[in-house]
Amino acid sequence: QVQFVESGGGLVQAGGSLRLSCVASGISFGIRTMGWYRQAPGSQRELVAHIRRDGSTNYADSVKGRFTISRDNAKNTLYLQMNSVKPEDAAVYYCHLAFSTLWSTYWGQGTQVTVSS
């Protein structure tokens, strides 16, 4: 059964940090390029970071230098370390495969990040 379960969001002060987690199941996690997406109200969902099976990473310009994506294949878990958080980072964060149409209708509930300035 395909499932993505995100957690770790919450209220954070601007300049603070949060660590998001996502447990994925049913997708052969270790061989997939995985990504963290976010969607703010009234905006399209955007890919902010992705990590390939070899551990190489890429980031959207808006989060480069502040966010770090990582993975633990033994735990089928994806992480997003968010540092120096800005008000514009407020959104619902989701994990899913990156650059793939596989399981495109299976999305988790996401985890809400709220930033106070």
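Residues numbered from 1 in each chain as written. Predicted model: local features only at pLDDT ≥ 70, side-chain atom pairs only at ≥ 80, totals over all residues. Heavy atoms only, no water.

S.K.: Is there a simple way to think about the pairing of strand β4 (residues 34-39) in this case?
M.R.: Within a regular strand, side chains alternate between the sheet's two faces. Burial analysis of β4 places five of its six residues in the buried class, the great majority of the element. In terms of strand pairing, β4 meets strand β5 (residues 46-51) through five bridges, oriented antiparallel. The residue bridging Tyr37 from the neighbouring strand is Leu47, located in β5. Across six bridges, the pairing between β4 and strand β9 (residues 91-97) is antiparallel. Pairing of Tyr37 across the sheet is with Tyr94, part of β9. (Buried < 20%, exposed > 50% of the residue type's maximum accessible area, 1.4 Å probe, protein only. Helix = DSSP H or I, 4+ residues; strand = E, 2+ residues; numbered from the N terminus. Pairing = 2+ DSSP bridges.)

S.K.: It is not clear to me how the sheet that holds strand β7 (residues 67-72) should be interpreted in this structure. Could you clarify?
M.R.: Strand-to-strand pairing in sheets goes through backbone hydrogen bonds, with the strands running parallel or antiparallel. Across the sheet, four strands lie side by side as β1-β3-β8-β7; this open sheet has antiparallel pairing. Strands with a single pairing partner mark the edges of an open sheet, and in this sheet they are β1 (3-7) and β7. Across the sheet, the mean angle separating the axes of adjacent strands is 15 degrees when strand polarity is ignored. Sheet analysis places β1 next to strand β3 (residues 18-25), joined by five bridges and oriented antiparallel. Residue pairing for β3: Phe4 is matched across the bridge by Ala24. (Axes fitted to C-alpha atoms, helices over the stretch in contact; angles between N-to-C directions.)

S.K.: Could you clarify how one ought to interpret unusual backbone geometry in this entry?
M.R.: Comment: phi is negative for the bulk of residues other than glycine, and the bulk of peptide bonds are trans. The phi dihedral of Ser28 is positive, around 50 degrees, even though this residue is not glycine. Of note in the backbone geometry, Trp103 takes a positive phi value of approximately 55 degrees without being a glycine. Its location among the elements puts Trp103 in the loop between β9 and β10 (111-116).

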